[in-house]
Amino acid sequence: MSALAPLLKAYRAPILSVLVALMVVVLNLWMGTPFTVRLLAEATAYGLIALGLNIQFGYGGLFNFGVMGFVMLGGFASVFISFPRNEAFWVSDGPMLLGRALVAFLAGVLLVWGARKLPLTGLVRNVAIVLAWIVAYIAYRTQIDPAAAYIEATTGWVGGLGLYPVLGWLFGGLLAGVVAFFVGKIALGLRTDYLAIATIGISEIIRALIKNMDWLTRGTQTVSPVPWPTPLPQQLQAWGYTITDSFIYGRLAFLAMSGALLVIAFFLVHRAYRGPWGRMMRAIRDNFIASGSMGKNVKSRQVEIFVFGSALMGIGGAILVSFNQILDPSGYQPINHTFLIWVMVILGGAGNNLGVLLGALMIYIVFIVSDPVAQFVLLNLSGFTEQIGWGAIPEIDSRSLQMRVFVVGLVIWLTLRFAPRGLLPEVVRRDA
């Protein structure tokens, strides 16, 4: 066994890739091709999100526990760009009222910026900035509140722009990146544990906003069906395809587009990781004090990497909403959209892009399949206990669904116990 250890270590990446491929083959034989293609399409979105977190944590050592917030921003952006236009809104007074609110917002931004630039110091400067914030907030609310009430009462909500869905994916990355820039400017000066707490709070703020801005997102009423960038299975059925073939080919076409985007992102990220930019980021991660003493602007570089990672999270969130064809703010949960991503990165190996992608696919397969496997086990166990007089096991469906949380916890424990650096640890090449 000791003789095999160096061989297994040397060929760890190919072996792990083959194991993941076997998992996909077994899943296809067990659950069928339509289900497998659907899982792979969703896994590509999670792969992009995990790749974004790997940039932040694996490259920069930033503890971002607000992944869910940036995923939600991407989902909203996808709906805003690609959902059909609400013509009732555009012919009403809604655009004019929102235009006034936008002018008030920009005026407030200029007011706060001007207060920060005043030639004042100490307490007087702080008081001026606080007063500017108060005035800007009041001016904005006096315009946005009537606009929101009018839109909800007359047209329901703003609606989308009716553009090509891939533009929504790209806008999702842009929106998440812009928000991440301001979040990074505020929060990245915090220590590691405080940064984690701050990003959790920011994520919850984003969720609360998207959930309660009914005039813009429809809130808990949900938005559906969100368009696909490729023909839907229903369209293929109208063209003469069978139901099974329509789901296979329709999902394969979607998978081809999302997979191509994942490959492009992986290539660019991996190329940057192996270049001077990647070496600089790893140096800041390992010792930011030494990096700062060598002339590197640590805060700016951390904001930069935070923005890049969040942009990938936004794109992944947009792809998820497009594929599932629904934006449901109530469906976003930290266990699914933050901690599951962290498990993918930890299992795959922080700092190793291939490891993170393989870890994302493995974890998502295990996470999804744990429910039907638990149902199968509990149903058979329930039949046995009923035969011997102990009674049937109640609420098998809900118990099986809860097994996902148990499986995630078990994977975290096993990974930290036996592979604390992940299945494919980071490989740092050093020149002689």
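Every chain's residues receive numbers from 1 upward, in the order its sequence appears when written. Thresholds applied to this predicted model are a pLDDT of at least 70 for local features of residues and 80 or more for the giving and counting of side-chain atom pairs; totals over whole chains, interfaces and linings are not thresholded and use all residues. Only hydrogens and water are set aside when side-chain values are computed; all heavy atoms of the structure are taken into account.

Colleague: Please explain the overall build of the chain as it appears in this structure.
Modeller: Only DSSP runs of H or I covering at least 4 residues are called helices, and only runs of E covering at least 2 are called strands; the numbering of each starts at the N terminus. Secondary structure summary: the chain contains 18 helices and 0 strands in total. Within these notes, the globule rule equals 2.2 Å times the number of residues to the 0.38 power, and the radius of gyration is based on C-alpha atoms. Its C-alpha radius of gyration of 24 Å places the chain within 12% of the 22 Å reference for a compact globule of 432 residues. Taking the principal axes of the C-alpha coordinates as reference, the chain spans close to 75 × 65 × 50 Å. Burial classes follow relative accessibility: with a 1.4 Å probe on protein chains only, a residue under 20% of its type's maximum area counts as buried, one over 50% as exposed, and anything between as partly exposed. Across the 432 residues of the chain, 45% fall into the buried class. The contact criterion used is simple: two residues touch if any of their non-hydrogen atoms lie within 4.5 Å. The contacts of the chain with a sequence gap of at least 6 include a subset with a gap of at least 24, amounting to 81%. Only carbon and sulfur atoms are counted for the fraction: they give 69% of the accessible area of the chain, which is about 22200 Å². To be clear on the numbers: accessible area is Shrake-Rupley with a 1.4 Å probe, and residue cover counts the displayed protein chains and nothing else.

Colleague: I tried to follow the nonpolar core on my own but got confused; where do I start?
Modeller: Buried Ala, Val, Leu, Ile, Met, Phe, Trp, Tyr and Cys residues form a nonpolar core when they are joined through side-chain atoms within 4.5 Å. Grouped together as the largest cluster of nonpolar side chains are 101 residues, with contacts concentrated most on Val67, Val79, Leu98, Trp215, Ile341 and Met344. Take this core: its biggest share by element is 14 residues, from helix α3 (residues 33-59). Ignoring any residue separated from it by four or fewer positions in sequence, one finds Val79 in contact with Trp157, Gly160, Val223, Val226, Val321 and Leu327.

Colleague: Whenever I open this one, unusual backbone geometry confuses me. Can you help?
Modeller: Trans is the prevailing form of peptide bonds, just as negative phi is the prevailing case for residues other than glycine. In this model, Ser224 is joined to Pro225 through a cis peptide bond whose omega is -5°. With respect to the helices, strands and loops of the structure, Pro225 is situated in the loop between α10 (214-217) and α11 (233-238). The phi angle at Arg218 is positive, at roughly 70°, despite the residue not being glycine. One can find Arg218 in the loop between α10 and α11. You will see that Glu395, though not glycine, has its phi angle at about 50°, which is positive. Of note, Glu395 is situated in the loop between α17 (353-387) and α18 (396-418).

Colleague: Before we go on, may I ask you to explain the packing of helix α4 (residues 67-82) against helix α9 (residues 192-212) in this structure?
Modeller: Working note: a packed helix pair is described by the angle between its axes plus the distance between those axes. The contact between α4 and α9 brings their axes to 7 Å, and the two run at 30°. Taken together, the axes of α4 and α9 lie roughly parallel to each other. Crossing of α4 against α9: the hand is left-handed. For the pair formed by α4 and α9, the contact residues are Met68, Gly69, Met72, Leu73 and Phe76 on the first element and Ser203, Glu204, Ile206, Arg207 and Ile210 on the second. Three classes are used: nonpolar for Ala, Val, Leu, Ile, Met, Phe, Trp, Tyr, Cys and Pro, charged for Asp, Glu, Lys and Arg, and polar for all others, with Gly counted as polar. Looking at side-chain class alone, the contact of α4 with α9 contains 6 nonpolar, 2 polar and 2 charged residues. Lines fitted to the C-alpha atoms define the axes, with helices restricted to the stretch that makes contact. Angles between their N-to-C directions range from 0 to 180 degrees. What sets the label is the angle itself: under 35 degrees gives roughly parallel, over 145 gives roughly antiparallel, 65 to 115 gives roughly perpendicular, and the rest give oblique. What makes a crossing left-handed is the near helix being turned counterclockwise from the far one by less than a right angle; a clockwise turn instead makes it right-handed.

Colleague: What exactly am I supposed to notice about the packing of aromatic side chains here?
Modeller: Each aromatic ring pair is specified by the distance between its two centres and by the angle formed by the two planes. The criterion for an aromatic pair is that two Phe, Tyr or Trp rings (for Trp, the six-membered ring) have centres within 6.5 Å, with stacked assigned to planes under 30 degrees apart, edge-to-face to planes over 60 apart and tilted to the rest. Applying the stated criterion across every chain yields a total of 21 aromatic pairs. Where Phe105 meets Tyr140, the ring centres are 5.8 Å apart and the plane angle is 65°; that geometry is what we call edge-to-face. A residue pair is termed long-range when its members are at least 10 positions apart, and Phe105 in helix α6 (residues 94-116) and Tyr140 in helix α7 (residues 122-154) qualify at 35 residues. Judged by its relative accessible area of 43%, Phe105 falls in the partly exposed class.

Colleague: Would you explain helix α15 (residues 298-324) in this entry?
Modeller: Think of an α-helix as turning once every 3.6 residues; residues three or four places apart then point the same way. When the terminal C-alpha atoms of α15 are compared, their 39 Å separation across 27 residues agrees well with the 39 Å that a helix rising 1.5 Å per residue should span. Gln325, located one to two residues past α15, shows a positive phi value of around 65°. The span one expects for a helix is its residue count, reduced by one, times 1.5 Å.

Colleague: Explanation requested: the pattern of salt bridges in the structure shown.
Modeller: Opposite charge on two side chains makes pairing possible when the charged atoms of those side chains draw close. The salt bridge definition used is simple: a Lys or Arg side-chain nitrogen within 4 Å of an Asp or Glu carboxyl oxygen. Per the counting criterion, the structure on display carries 7 salt bridges. The shortest N-O distance in the salt bridge between Arg38 and Glu42 comes to 3.5 Å. Here Glu42 and Arg38 lie together in helix α3, a separation of 4 residues that amounts to about one turn. Notably, a salt bridge pairs Arg141 with Asp145, separated by 2.9 Å at the nearest N-O pair. One end of the pair is Arg141 and the other is Asp145, both in helix α7 and 4 residues apart, which spans about a single turn.

Colleague: Teacher, can you tell me more about the environment of Met68 here?
Modeller: Here Met68 is to be found in helix α4. For Met68, a relative accessible area of 1% translates into the label buried. Each C-alpha atom, one on Met68 and one on Tyr332, is 7.2 Å from the other, the two residues being 264 residues apart in sequence. Residue contacts for Met68: discarding those within four places in its chain leaves Ser203, Glu204, Arg207, Tyr332, Gln333, Pro334, His337 and Thr338.

Colleague: What should I look at first to understand α6 in this one?
Modeller: Between its first and last C-alpha, α6 extends 33 Å over 23 residues, near the 33 Å set by a 1.5 Å rise per residue. All of the buried residues in α6 are Gly94, Leu97, Leu98, Ala101, Ala104, Gly108, Val112 and Ala115. Considering only its buried residues, α6 is in contact with α5 (87-90), α7 and α10.

Colleague: Sorry if this is basic, but what is going on with the environment of Arg218 here?
Modeller: When its relative accessible area of 26% is taken as the criterion, Arg218 is described as partly exposed. In sequence terms Arg218 and Ala283 are 65 residues apart; their C-alpha atoms lie 45 Å from each other. Leave out the neighbours within four places in its chain, and Arg218 touches Trp157, Met213 and Val223. Among the polar contacts listed, one links the side chain of Arg218 to the backbone oxygen of Thr222, at a separation of 3.4 Å. As used in this structure description, the phrase polar contact means that two N or O atoms lie within 3.5 Å; if the pair is within protein, one of them must be able to donate a hydrogen and the other to accept it, and residues adjacent in sequence are counted only when both atoms belong to side chains.

Colleague: Quick question: what am I supposed to make of the confidence of the model for the chain here?
Modeller: Segments scoring low in pLDDT should not have their predicted coordinates read at a detailed level. On a scale of 0 to 100, pLDDT captures the predictor's confidence in every residue. Considering every residue of the chain, the mean pLDDT works out to 89; 97% of them sit at 70 or more. Across the chain, α4 holds the top mean pLDDT of 95, while helix α1 (residues 4-10) sits lowest at 60.

Colleague: Explain the packing of α17 against α18 to me, please; I cannot follow it from the model alone.
Modeller: One can describe the packing of α17 onto α18 by two numbers: an axis separation of 8 Å at closest approach and a directional angle of 135°. Here α17 lies oblique to α18, going by the angle between them. Two packed elements cross with a definite hand, and for α17 against α18 that hand is right-handed. Facing Ile363, Val366, Phe367, Ile368, Ser370, Asp371, Ala374, Gln375, Leu378, Leu379 and Ser382 of α17, the residues of α18 in contact are Ile396, Asp397, Arg399, Ser400, Leu401, Met403, Arg404, Val407, Val408 and Val411. Residue composition of the contact of α17 with α18, by class: 13 nonpolar, 4 polar and 4 charged.

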